[in-house]
Amino acid sequence: VCVIPECPEPSVVEPVAPEPAEQVPTSNGSLPVIGALEWASVKPSGLVLEARIDTGAETSSIHAEDSQGVEKDGKRYVRFKLQHPDTKENIELERRVKRRIIVKQSTEGPPDRRYVVSLLVTLGDVRTWLELSLTDRENFEYPLLLGRNLLMDEFVVDVSKHHTVSRRRYEED
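Residues numbered from 1 in each chain as written. Predicted model: local features only at pLDDT ≥ 70, side-chain atom pairs only at ≥ 80, totals over all residues. Heavy atoms only, no water.

Helix and strand counts for the chain stand at two helices and twelve strands. Starting at the N terminus and ending at the C terminus, the chain contains elements arranged as β-β-β-β-β-β-β-β-β-β-β-α-β-α. Sorting the 173 residues of the chain into buried and exposed places 34% on the buried side. Long-range contacts, defined as pairs at least 24 residues apart, comprise 55% of the intrachain contacts of the chain with a sequence gap of at least 6. Total accessible area on the chain is roughly 12000 Å²; 47% of this is exposed by carbon and sulfur atoms. (Helix = DSSP H or I, 4+ residues; strand = E, 2+ residues; numbered from the N terminus. Buried < 20%, exposed > 50% of the residue type's maximum accessible area, 1.4 Å probe, protein only. Contact = heavy atoms within 4.5 Å. Areas by Shrake-Rupley, 256 points an atom, 1.4 Å probe, with all protein chains shown as cover.)

Here it is, written out as structure tokens:
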């Protein structure tokens, strides 16, 4: 007959105190204030795009056409085209796939499967490698949607403002 030893009851060694709540930044705080619409630079394409700021979106997204998954040396990549907003010229890019996501649309229909890639995005003084989902935004007014994966801890959003950073700033970059 095997005897199974019982584990001793857990005991509190040291109580864990909750961390103090972070202060929510305000417009007079240290974070920059941006509006509901802003200009942003996206590289390596070199595009300056008008972006809708969406605090309700978890992941940022960009208008991309002809997205095709490819494999190179056992790694997943995606080829896609971004459109220059002024010339309508297609800029072909190939980026490593970070992940794939499923987005449920608010309207009825099948969920949308999207590739997520990293692109260098500059908004004001903030320049970061940002994960963007590739999607067809042709029926939307703005080709770039910037969500919480960029906004959190970086900006305060004041929806009564727009274009707080001049488009010309990026053209000099």
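If you trace the three strands from one edge of the open sheet to the other, you get 5-6-7, paired in antiparallel fashion. Lying at the two open borders of the sheet, with one neighbouring strand each, are strand 5 (65-72) and strand 7 (90-96). Direction aside, the axes of adjacent strands within the sheet are offset by 20° on average. Where strand 5 meets strand 6 (residues 75-83), six bridges bridge the pair, whose relative direction is antiparallel. Its bridge partner being in strand 6, Glu 71 is matched across the sheet by Arg 76. (Pairing = 2+ DSSP bridges. Axes fitted to C-alpha atoms, helices over the stretch in contact; angles between N-to-C directions.)

The next point concerns unusual backbone geometry. Cis geometry is found at the peptide bond from Lys 43 to Pro 44, where omega equals 20°. Tracing the sequence through the fold places Pro 44 in the loop between strand 2 (37-43) and strand 3 (47-53). Even without glycine at this site, Asp 73 takes up a positive phi of about 50°.

In this section: the packing of aromatic side chains. If you walk through the whole model with that rule in mind, you get zero aromatic pairs. The side chain of Arg 100 reaches across the aromatic face of Tyr 115, ending 4.2 Å from its centre. Note that Arg 137 overlies the ring of Phe 140, its terminal NZ or CZ placed 4.6 Å from the centroid. (Phe/Tyr/Trp six-rings, centres within 6.5 Å; stacked < 30°, edge-to-face > 60°. Lys NZ or Arg CZ within 6 Å of the ring centre and 35° of its normal.)

A few words now on the pattern of salt bridges. Within this structure, the stated rule accounts for seven salt bridges. The salt bridge involving Lys 81 is made with Asp 66; its shortest N-O contact spans 3.2 Å. Of this pair, Lys 81 sits in strand 6 while Asp 66 is found in strand 5, placing the two residues 15 residues apart along the sequence. Close ionic contact of Arg 114 with Asp 112 constitutes a salt bridge, the shortest N to O distance being 3.0 Å. Overall, Asp 112 belongs to the partly exposed group, its relative accessible area being 25%. Three or more residues joined by partner-sharing salt bridges are found here, namely Lys 72, Arg 79 and Glu 94. (Salt bridge = Lys/Arg side-chain N within 4 Å of Asp/Glu carboxyl O.)

Its place among the elements puts His 63 in strand 4 (residues 60-63). Among the polar contacts made by the side chain of His 63, one reaches the main-chain amide nitrogen of Arg 137 at a distance of 2.8 Å. If near-sequence neighbours (up to four positions away) are discounted, His 63 is found in contact with Lys 81, Leu 82, Thr 135, Asp 136, Arg 137, Glu 138 and Pro 143. (Polar contact = N/O pair within 3.5 Å; in protein donor to acceptor, adjacent residues only side chain to side chain.)

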